[in-house]
Amino acid sequence: MYKKYLTFALITILASVPLFLPNDESRFDEWSKSLLCPVCQGETIYDSPSEYADDMRSILQEQINNGMTDNDIYEFWVTRYGERIITNPIEKNYEIVLIPLFLVLIFIYVFLRKLYVKK
Amino acid sequence: MIYNLGILFSWLSFSVLIYLFFTKSKYRVHLLVRVNLFLQIFLFCLLEIGLFLNDFSVSYIANYSAVSTPPLYKFASLWGSLDGSILLWNLCLSIFMFLYLKYYKIENSNLDIKIFSFITIFFVGYTVFSSSPFAGCIELATIGCNKSTLIPFQNTLMSNLGRGPNPLLQNHPLMAIHPPMLYIGYVGMTLPFVAATSRLFKRDQSDDWIEVAEKTTYVPWLFLTIGITLGAAWSYEVLGWGGYWAWDPVENVSFIPWLLATAFLHSSKIQKSSKTLLNWNYILVGLMFLSTIFGTFVTRSGVLISVHAFSNGNIGTYLLIGLTIFSLLFIFIGSKNIEYFSESKKINNWFGKSGFFVLNNIILFSSALVVFIGTIFPLFYETIYDRQITIGRAYYDIIVGPMLLVLLCLMIFSIKLTVKNINLNSWFTENSNLLNLSLAIAIFLLINLNNNYFLIVTTAASIILILLTIKNMVKRIRITNTNKTYWTGQIAHLGIAVFALGIILNVTQSYSTEKEINSFQEFEFNNSSFFVYDSIEENKPEKTIIKLPISNEITTKYTSLNIFRNSSQQAISSPAVFRSLSNDIYITVKFIDEDSYKLIVRNNYGILIMWIGLFISSISFIPRLKKRV
């Protein structure tokens, strides 16, 4: 029986780990992972080794050092390069996640209905 | 010469296939399948000979090979662009048709070979009517060839040096392995499709469709796994993209058939054991095949931009026609079997074997669906709202990530599944020691890391899965009567668990920084110091390499910039990777001037763990090699 308590205790410790050791991904990494390098066919500026991406990273680093807000950074890049520069358009367009989720739910419903047997 | 022979023999192969499609004689079927295989091998060799002889009167060779291209990359140039890769596609199809004939042919009907040859006719037809790698050059461009002809015996023009392959494709020997592996996997999805459709067409003749479909799916699944793994390794280790997976459209369309095939490999088992999911399995087999054609369409027709995209031309329309024809065939044969499908049994024990397999299928199929939607979403937005959007990592992280995590947790129970509902209480009693040990290991690992719940659950689940699987293997490996596919599954699951651990570490822990530095200076990163030497320039016929040696306390590695001649493309940078089990120090360089550099230094976690996991999954075929005792 004590084993169950041990498991329970371990799970509690695990679940509380993030409270003491929070995630601290830098804003720069977060942003550079979400900006598309416009000349590199589908890579973000975090991944791309190209000069262009490098210049963009420098600008981004400066923006973050200057303490620009996320919204300002967003506006800056979108006005210059258009919406496609943002590889993470979800925050401003929830439907991008909701449509596939909805379709998945329909699929699951149909799928299970076919298999379900009433007792 | 090469051009004339190539076009004539393509026609010959096309005619042989037409004859094969119509012939009734069993003897002729066997003969013609072999003749076609021979012709396709001949065509493959012919183009290779052309590449090595630098026969630039052939448009494809002039455009995608050059005099200075090293032999290995000349060899690989055959699949370096669209037309040549269709030739490889045809060769794979012909080999598979031969193997199918040899091992899986229906005894008393030629229907399966008819369907197979029909599909092959379609792809060989592309090289005959639309665009062929053997097309002769009739109008020169500044470098390479501008216009070509498919009609033999024309006066062709010869360019001087050839344009050479895309720099990305001549930077590493993996170019010679990764694409063919993927092609074998991709084209192999034809096998289960043919097996299922032909056997269901007249079911009274053969009722083993699910066995054959399952067996023939495993081979392409394995090659697809290896192909995708090698692609990820190439992108990370050599191209200096930093990433191994970018959710790029071409990567996605190789992942979709993989997900579907994985689903099918599971659901076919439950059809065999309990006669359920009959209709669903048929749908999966169809979608596996159709998704490969759709994937080729999406990425080769130029409708989507991607790192891998090449050449558009008219293949889009051609593939769409094919997609329609094959879909209709699939639906037609499906509708003939409505009665048979309705015999499919319903599920009673939702927490027993069948329930788990159903859940597995729901998750894998949903993931495929989500990846599919993510791939075509930008197209959809552009057509309907005239907005250009990019769907990046975040989309997949949010939706596919959690689904695959649930799958990982389900695998824990796959070790010992019973037909009846699982009894959690006794399961817990049986495994409590290992469970507690795993949780303790997880806590130990997670201290000092950037934490979030996603990381915690993944780490705990994968460690539990790893330990339980290993214990089970040690305990039961000697039991000879256990089904060999069971051990294949267990090894694959073990690999996935290791992989999951690696990928979650990588996604949550990695970070990067930039350093501006001069020659003979030292910098600190992640508690160790790195010394930068002076750069070295190396000239090769096809490229110039600028190397920068960097050493830590133990070893010296080079990060380099490869500048290719005859190419308008950007230079390719290769990383210096200092590897340990838990993390890689990954350095790429940008040269500012003579002796000052900008280094992008990343600390990438979990990469080696990921490779080990994928390697384990790739060797899951070993138990299948063993003959049943």
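What counts and what doesn't
Residues numbered from 1 in each chain as written. Chains lettered and ligands numbered in written order. Predicted model: local features only at pLDDT ≥ 70, side-chain atom pairs only at ≥ 80, totals over all residues. Helix = DSSP H or I, 4+ residues; strand = E, 2+ residues; numbered from the N terminus. Rg over C-alpha atoms; globule rule 2.2 N^0.38 Å. Contact = placed C-beta atoms within 7 Å. Buried ≥ 20, exposed ≤ 12 C-beta atoms within 10 Å, placed from the backbone. Expected span 1.5 Å × (residues − 1). Axes fitted to C-alpha atoms, helices over the stretch in contact; angles between N-to-C directions. Parallel < 35°, antiparallel > 145°, perpendicular 65-115°, else oblique. Left-handed = near helix turned anticlockwise from the far one by under 90°. Nonpolar A, V, L, I, M, F, W, Y, C, P; charged D, E, K, R; others polar. Pairing = 2+ DSSP bridges. pLDDT = per-residue confidence, 0-100. Core = buried A, V, L, I, M, F, W, Y, C linked by C-beta atoms within 7 Å. Domains from an automatic or database assignment. Bend = angle between axes of the 7 residues up to and from the residue.

Visitor: Would you explain the overall build of chain B in this entry?
Guide: Scanning chain B from terminus to terminus reveals 20 helices and 12 strands. Compactness check: chain B gives a C-alpha radius of gyration of 26 Å against a globular reference of 25 Å for 629 residues, within 12% of the reference. Judged by the C-alpha coordinates and their principal axes, chain B covers about 75 × 75 × 55 Å. Within chain B, residue pairs in contact and separated by at least 24 positions form 71% of the contacts whose partners lie at least 6 positions apart.

Visitor: What should I look at first to understand the overall build of chain A in this one?
Guide: For chain A, the helix and strand inventory stands at 5 helices and 0 strands. Listing each helix as α and each strand as β along chain A from the N terminus yields α-α-α-α-α. The proportion of buried residues among the 119 residues of chain A is 25%.

Visitor: What is the right way to look at helix α5 (residues 82-103) of chain B in this model?
Guide: Every α-helical turn comprises 3.6 residues, leaving residues that sit three or four positions apart pointing alike. Along its 22 residues, α5(B) runs 31 Å from first to last C-alpha, staying within 8% of the 32 Å computed at 1.5 Å per residue. With 16 of 22 residues buried, α5(B) is to be regarded as a mostly interior element.

Visitor: Looking at this structure, I do not really get the packing of helix α8 (residues 190-201) of chain B against helix α12 (residues 315-336) of chain B. What am I missing?
Guide: Residues and elements named next belong to chain B. Interhelical geometry of α8 versus α12 gives an angle of 40° and a closest axis separation of 9 Å. Overall, the two elements α8 and α12 adopt an arrangement that is oblique. The interaxial crossing formed by α8 with α12 has left-handed handedness. Listed contacts from α12 to Thr197, Leu200 and Phe201 of α8 are Leu329, Phe330 and Ile333. When its residues are assigned to classes, the contact of α8 with α12 shows 5 nonpolar, 1 polar and no charged.

Visitor: When you look at the sheet that holds strand β11 (residues 583-593) of chain B in this model, what are you seeing that I'm missing?
Guide: Either a parallel or an antiparallel arrangement is found when strands of a sheet pair, and the pairing is made through backbone hydrogen bonds. Residue and element names in this part refer to chain B. The strand order β3-β12-β11-β10 describes an open sheet built from 4 strands, whose pairing is antiparallel. Two strands close off the open sheet at either side, each with one partner strand: β3 (511-518) and β10 (576-579). Ignoring strand direction, the axes of neighbouring strands in this sheet form an average angle of 20°. Sheet topology places β10 next to β11; 4 bridges connect them, and they run antiparallel. The residue bridging Phe578 from the neighbouring strand is Ile585, located in β11.

Visitor: Can you walk me through the confidence of the model for chain B in this structure?
Guide: Do not read the fine detail of predicted coordinates wherever pLDDT is low. Residue and element names in this part refer to chain B. For chain B, the average pLDDT comes to 88, and 95% of its residues sit at 70 or higher. Ranking the elements of chain B by mean pLDDT puts strand β9 (residues 572-574) last, at 81, and helix α2 (residues 26-52) first, at 95. With a pTM of 0.93, the predicted complex shows an ipTM of 0.88.

Visitor: What is the right way to look at unusual backbone geometry in this model?
Guide: Note on backbone geometry: most residues besides glycine have negative phi, and most peptide bonds are trans. Even without being a glycine, Trp247(B) presents a positive backbone phi close to 55°. Note on placement: Trp247(B) falls in the loop between α9 (209-237) and α10 (249-274).

Visitor: What should I look at first to understand the interface of chain A and chain B in this one?
Guide: Interface extent is often summarised as the accessible area lost during association of the parts. Across the boundary between the two partners, chain A contributes 49 residues, which contact 52 residues of chain B. In terms of residue count, the dominant contributor to the side of chain A that touches chain B is helix α5 (residues 95-115) of chain A (10 residues). Per-class residue counts for the side of chain A that touches chain B are 27 nonpolar, 11 polar and 11 charged.

Visitor: Honestly, the nonpolar core in this entry has me stumped. Any pointers?
Guide: Nonpolar side chains in soluble globular proteins tend to end up buried together. Residue and element names in this part refer to chain B. Core analysis: the biggest nonpolar cluster contains 159 residues, and Cys92, Leu260, Ala261, Val285, Met288, Leu465 and Ala497 have the highest contact counts within it. Counting residues per element, this core draws most heavily on α9, which supplies 13 residues. A domain split of this core shows at least three residues from each of domain 1 (1-168) and domain 2 (171-407). Here Cys92 is in contact with Tyr183, Ile184 and Val187, once residues within four sequence places are set aside. Counting 17 residues, the second largest nonpolar core, distinct from the first, contains Leu561, Val577, Tyr586 and Val601.

Visitor: Explain the domain arrangement of chain B to me, please; I cannot follow it from the model alone.
Guide: All names here are of chain B. One can read the domain layout of chain B as domain 1 (1-168), domain 2 (171-407) and domain 3 (511-608). One C-alpha centre belongs to domain 1, the other to domain 2; they are set 26 Å apart. Each side of the interface is counted separately: domain 1 has 28 residues, and domain 2 has 32 residues. Put simply, the parts of the chain that give the side of domain 1 that touches domain 2 at least two residues each are α4 (71-76), α5 and α6 (111-130). Per-element accounting of the side of domain 1 that touches domain 2 gives the leading share, 8 residues, to α6. Its residues assigned to classes, the side of domain 1 that touches domain 2 shows 22 nonpolar, 5 polar and 1 charged.

Visitor: Looking at this structure, how should I read the packing of α10(B) against helix α14 (residues 353-385) of chain B?
Guide: The description of two packed helices rests on the angle between their axes and on the distance between the axes. Residues and elements named next belong to chain B. Across the interface, α10 lies against α14 with an axial gap of 9 Å and an inter-helix angle of 160°. With respect to their mutual orientation, α10 and α14 come out roughly antiparallel. Relative to α14, α10 is oriented so that their crossing is left-handed. Classifying every residue of the contact of α10 with α14 by side-chain character gives 14 nonpolar, 11 polar and 2 charged.

Visitor: Looking at this structure, how should I read α6(B)?
Guide: All names here are of chain B. In this model α6 runs 28 Å from its N-terminal to its C-terminal C-alpha over 20 residues, within 8% of the 28 Å that 1.5 Å per residue would give. The largest bend in α6 amounts to roughly 30° and is located at Val124. Those residues of α6 not exposed but buried are Asp112, Ile113, Ile115, Phe116, Ser117, Ile119, Thr120, Phe123, Val124, Tyr126 and Thr127.

Visitor: Would you mind showing me how to read the environment of Leu191(B) here?
Guide: Residue and element names in this part refer to chain B. Along the chain, the position of Leu191 falls in helix α8. Put simply, Leu191 and Phe289 are 98 residues apart on the chain and 8.6 Å apart in space, counted from C-alpha to C-alpha. Setting aside its immediate chain neighbours within four residues, Leu191 contacts Phe96, Tyr100, Thr216 and Pro220.

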